[in-house]
Amino acid sequence: MVAFGKKLRQNQIEEWQRYYINYKLLKKKVNRYSQQIQVGADNQQNVLKDFSIMLDNQIEKIVMFILEQKGLLASRLSILGEQHDALVEQSDGSKISELREAYRAVGQDLLRLLFFVEINAIGLRKILKKFDKRFGYRFTDYYVKTRANHPYSQLRQVFKHVGVGAVVGAISRNLADLQDQEGNYISIYDQPALSHPDPVIDSIKAAVNRLSNSTNFLEFLGRHAFIFQDESPTPSEDHLAEQRYHFMSLLLNLVNTFLYMVNTYIIVPTADNYSLHLGAAATVCGVIIGSMAVAQVFSSVYFSAWSNRSYLRPLVFSSIVLLVGNTLYALAYDLNSIPVLLIGRLFCGLGSARAVNRRYISDCVPLKLRLKASAGFVSASALGMACGPALACLFQTNFKIYKLTFNQDTLPGWVMALSWLVYLLWLWVSFREPPRENNMLSPQESYTGLSTKLNFLGAYQHFQCLKSYAHFRNAAKDLIFYTAGLPVQEAVKIDFTQPLLLNSEAKLQDNNVDEEFDDGEEDSDENHKPVTSIVSAYRLLTPSVKVQLFIYFMLKYAMEILVAESSVVTGHYFIWSTTSVAFFLAFLGLTVFPVNVIVGNYISNMFEERQVLLASEIMVFIGILLSFQVLIPYTVPQYVSAALITFVSAEVLEGVNLSLLSRVMSSRLSRGTYNGGLLSTEAGTLARVIADGTITLSGYLGENRLLNVTLVPSLFICLSSIIATCFTYNSLY
């Protein structure tokens, strides 16, 4: 992962260089302020005032340039509009084609401007975050609120795409008109579905979506997946993701996510009946359900490591292990064996490939599609969670084929085994293994290799003309490949009249000067290498991140207690059938979608995420309190309403918590085996293991005490997380 300071230098448009945010100067100022305050040479008030003035000047410089460029684009569109009007009465195909290319050129220049705005907005956010981190002061809140809400705000021009819509509309309308040479005009306003947008329009829309600073439903779901989004990928990095992307492989990855969640929850409504049939207590369902989570604690690590080398092989292995596990789960009924049942569930947990699912989206999906793919990951998980119990209620039958029994207890195993077999065949036929990074040249290696080729050719050009020409042509192909993912204006420029080795030395000297000017804090490669152990990953966690992981542990614990013991509790108090329990759990699962829509589109735009975080924790606490059975008879309305409050609040809490985590987690935990996704998965899985163990141990006290005994630890853990959140509230972003 390349530091932002280096990315800013690499991605600057040369002729606009002096209009970019002076990130290195601002970073150097922050370090100098810190030293001055430590030695008592300056006070905080003067520092805040001085730094605010510097930022105002930088933003004004950027905004004035943006307005100037928008004016130039508008002038060009006005001239093209006059040419367009002159062509209305003519049918000259060559002139129409030239005019269409001229509109596309305006679109390409708008893309350049949007990229300029985006990279400056990222630089501004990063320097504000660095200032807050260095001084422990919420300067960002003060600066953004005072500047963004002012009637003469220039900050709004940076973070909001003001005026871009008008330019995009003019380009879209005229390109749609020019596409039709038969005179049957199709208006983008009257029949937008019939218009065929030009690729440049799609690129502009994607750039505008990245630039938007508002939180929407798709972004909320994407962060919920805890798949890191690189704010400013280099063109070569995005080009590599484009090469790796394969739609069918992504679809198979999401199907794996869906089937695994179905596999997890399909047994919940019948696990207590199954354990009773095998001669165990109903509360042994906690061990049956939790054994899958126990194995997942270990499988997450080796699958995460395996995904460094391959994606197809771990998915194939996962499918085979899950096929075996579900078969053993179904056979345990006729074998009358609890150990076989538990071994089957352990196998299912060993087949958990969620680490691979996350990693594939992070590494092999282009940036423009990554947010949608992340939202698809969350949606597939939620849909699987709802479909699992819903499918269980359809298995109300009992018959035998030879010596194999098919009933409500065994059919979940048989159906999932068949599903994984079909998936395995589909995976083997349709999945395409993406090329690995170690099999491809990095951009720097490509450029170095190209320079070496061309210098070698220059030395031998006098006596190997024909052979050199063939090699030169291959080198030119390498150059085209290297620059294919870059805008034309940013293509590598090589002066063939100068010795290339001298150019390389000059470039190296320029880089050395840049490094001397920079303090090296962010640009050190060591600071961005992936960690190599779980202990190293834990050491990188700040106190606020540890609190957020504890919150994740708490909500997963509370949800697992609620879901896993639902069949036993409802059977004891309300005498619910398996079908009733299945419908209830499916209903809880389906609440995920409307809740995320409301939070993503409305609540997160009205309140700060840390406010929603604390409020959700309090609501979970209230839901757990209402779930206790005290004195008065326990009723269905009390149980259902308390369960709904707990589950929905936990879902809101999960989305907001992971959204916060995705922004404050160290960049070293964004990739590699021991990444942030693995840490959150391990925290949630450990919570499920402990919760399921609590249910089984509490069962020894009797089913009449199960509810209250299991709710006490939930209440205590939830209260602890609220207290921890209050202590770290000011450090949450």
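Higher on the page you've got the structure.
Residues numbered from 1 in each chain as written. Predicted model: local features only at pLDDT ≥ 70, side-chain atom pairs only at ≥ 80, totals over all residues. Heavy atoms only, no water.

A few words on the pattern of salt bridges. A full pass over the atoms with the stated rule returns 7 salt bridges. For Asp109, the salt bridge goes to Arg76, with nearest N and O atoms at 2.5 Å. Here Arg76 lies in helix H3 (residues 44-87) and Asp109 lies in helix H4 (residues 93-135), a separation of 33 residues in the sequence. For Arg688, the salt bridge goes to Glu560, with nearest N and O atoms at 3.6 Å. Taken together, the residues Arg688 in helix H29 (residues 676-698) and Glu560 in helix H23 (residues 543-564) connect sequence positions 128 residues apart. Using a relative accessible area of 4% as the deciding quantity, one classes Glu560 as buried. When salt bridges that share partners are traced, they join Glu15, Arg76, Asp109 and Arg112 into one network. (Salt bridge = Lys/Arg side-chain N within 4 Å of Asp/Glu carboxyl O. Helix = DSSP H or I, 4+ residues; strand = E, 2+ residues; numbered from the N terminus. Buried < 20%, exposed > 50% of the residue type's maximum accessible area, 1.4 Å probe, protein only.)

Moving on: the environment of Met416. Within the fold, Met416 resides in helix H18 (residues 411-430). Spatially, the C-alpha atoms of Met416 and Asn326 are 6.4 Å apart, while their sequence positions differ by 90 residues. Those residues in contact with Met416 that sit more than four places away from it in its chain are Leu259, Val262, Asn263, Ile266 and Asn326. (Contact = heavy atoms within 4.5 Å.)

A few words now on H18. Under the 1.5 Å per step criterion, the end-to-end length of H18 is 28 Å for 20 residues, consistent within 8% with the ideal 28 Å. Where H18 is concerned, the buried positions are Leu411, Pro412, Gly413, Trp414, Met416, Ala417, Trp420, Tyr423, Leu424 and Leu427. Considering only its buried residues, H18 is in contact with helix H11 (247-265), helix H14 (312-335) and strand S2 (404-407). (Expected span 1.5 Å × (residues − 1).)

Our next topic: the pairing of S2. Both strand S1 (residues 398-401) and S2 contribute to a ladder of 4 bridges, which runs antiparallel. Among the inter-strand pairings, Asn398 is bridged to a residue of S2, identified as Asn407. Taking the residues that link successive antiparallel strands as the turn, the S1-S2 hairpin has 2 residues, and the phi of Tyr402 there is positive, at about 60°. (Pairing = 2+ DSSP bridges.)

Here the structure, examined in full by the defined rule, presents 6 cavities of 30 Å³ or more. Taken as a whole, the largest cavity spans an internal volume of roughly 480 Å³. As for the largest cavity, its lining consists of 28 residues, and the residues nearest its centre are Met261, Arg354, Tyr552, Lys556 and Glu654. Within the residue set of the lining of the largest cavity, elements represented by two or more residues are H11, helix H16 (354-364), helix H17 (367-392), H23, helix H28 (636-664) and H29. Considering only residue class, the lining of the largest cavity consists of 14 nonpolar, 7 polar and 7 charged. (1 Å grid on protein atoms, 1.4 Å probe; cavity = no way out; pocket = protein on both sides within 12 Å on 5 of 7 lines; lining within 4 Å. Points joined across faces, edges and corners; volume = space filled by probe spheres on them. Nonpolar A, V, L, I, M, F, W, Y, C, P; charged D, E, K, R; others polar.)

As a further point, take the side chain of Thr270. For Thr270, the position within the fold is in the loop between H11 and helix H12 (271-277). Of the residues examined, Thr270 reaches a relative accessible area of 0% and is grouped as buried. The contact partners of Thr270, leaving out residues within four places of it in the chain, are Gln408, Asp409, Pro412 and Thr578.

On the surface, a nonpolar cluster with roughly 290 Å² of combined accessible area is contributed by Ile320, Val324, Ile343 and Phe347. For the nonpolar patch, the elements supplying multiple residues, two or more each, are H14 and helix H15 (338-350). Residue placement: Phe347 occurs in helix H15. What makes Phe347 partly exposed here is its relative accessible area of 30%. (Patch = residues over 30% accessible without salt bridge, like charges linked within 9 Å, V, L, I, M, F, W, Y side chains within 5 Å. Areas by Shrake-Rupley, 256 points an atom, 1.4 Å probe, with all protein chains shown as cover.)

This part is about the side chain of Ser319. Among the secondary structure elements, Ser319 is positioned in helix H14. Among the residues examined, Ser319 registers a relative accessible area of 0% and is labelled buried. What Ser319 contacts, discounting residues up to four positions off in sequence, is Trp420, Tyr423, Leu424 and Leu427.

This part takes up the environment of Gly388. Locating Gly388 in the fold gives a position in helix H17. Each C-alpha atom, one on Gly388 and one on Asn263, is 6.7 Å from the other, the two residues being 125 residues apart in sequence. When residues no more than four places from it in sequence are discounted, the contact partners of Gly388 are Val262, Tyr265 and Ile266.

Here the focus is the packing of aromatic side chains. This model, assessed by the stated rule, comprises 30 aromatic pairs. Geometrically, the ring pair formed by Tyr274 and Tyr333 is tilted, given 5.9 Å between the ring centres and 50° between the ring planes. With Tyr274 in helix H12 and Tyr333 in helix H14, this residue pair connects regions lying 59 residues apart in the sequence. Of the two residues examined, Tyr274 and Tyr333, each falls in the buried class. (Phe/Tyr/Trp six-rings, centres within 6.5 Å; stacked < 30°, edge-to-face > 60°.)

Let's shift gears to the nonpolar core. Of all hydrophobic cores here, the largest spans 119 residues; its most connected members are Leu341, Leu427, Phe431, Val620, Ile624 and Phe647. For this core, the element with the highest residue contribution is H23, accounting for 15 residues. Setting aside chain neighbours within four positions, we find Leu427 in contact with Leu252, Leu312, Leu315, Val316 and Ser319. Counting residues in hydrophobic clusters, the runner-up holds 53 residues, among them Ile13, Trp16, Leu48 and Leu73. (Core = buried A, V, L, I, M, F, W, Y, C linked by side-chain atoms within 4.5 Å.)

What follows deals with the environment of Gly290. Take Gly290: it is sitting in helix H13 (residues 285-306). With a relative accessible area of 4%, Gly290 lands in the buried category. Sequence separation between Gly290 and Leu686 is 396 residues, and the spatial gap between their C-alpha atoms is 9.8 Å. Ignoring sequence-local partners within four residues, the contact set of Gly290 consists of Val689 and Asp692.

Where H11 meets H16, the axes come as close as 10 Å, and the angle between the chain directions of the two elements is 150°. In this view, H11 runs roughly antiparallel relative to H16, as classed from their interaxial angle. Regarding H11 and H16, the two cross each other, and that crossing is left-handed. From H11, Ser249, Leu250, Asn253, Leu254, Asn256, Thr257, Tyr260 and Met261 reach across to H16, where they touch Arg354, Val356, Asn357, Tyr360 and Ile361. Among the residues making up the contact of H11 with H16, the classes are represented as 7 nonpolar, 5 polar and 1 charged. (Axes fitted to C-alpha atoms, helices over the stretch in contact; angles between N-to-C directions. Parallel < 35°, antiparallel > 145°, perpendicular 65-115°, else oblique. Left-handed = near helix turned anticlockwise from the far one by under 90°.)

Keep in mind these values describe shape, not function.
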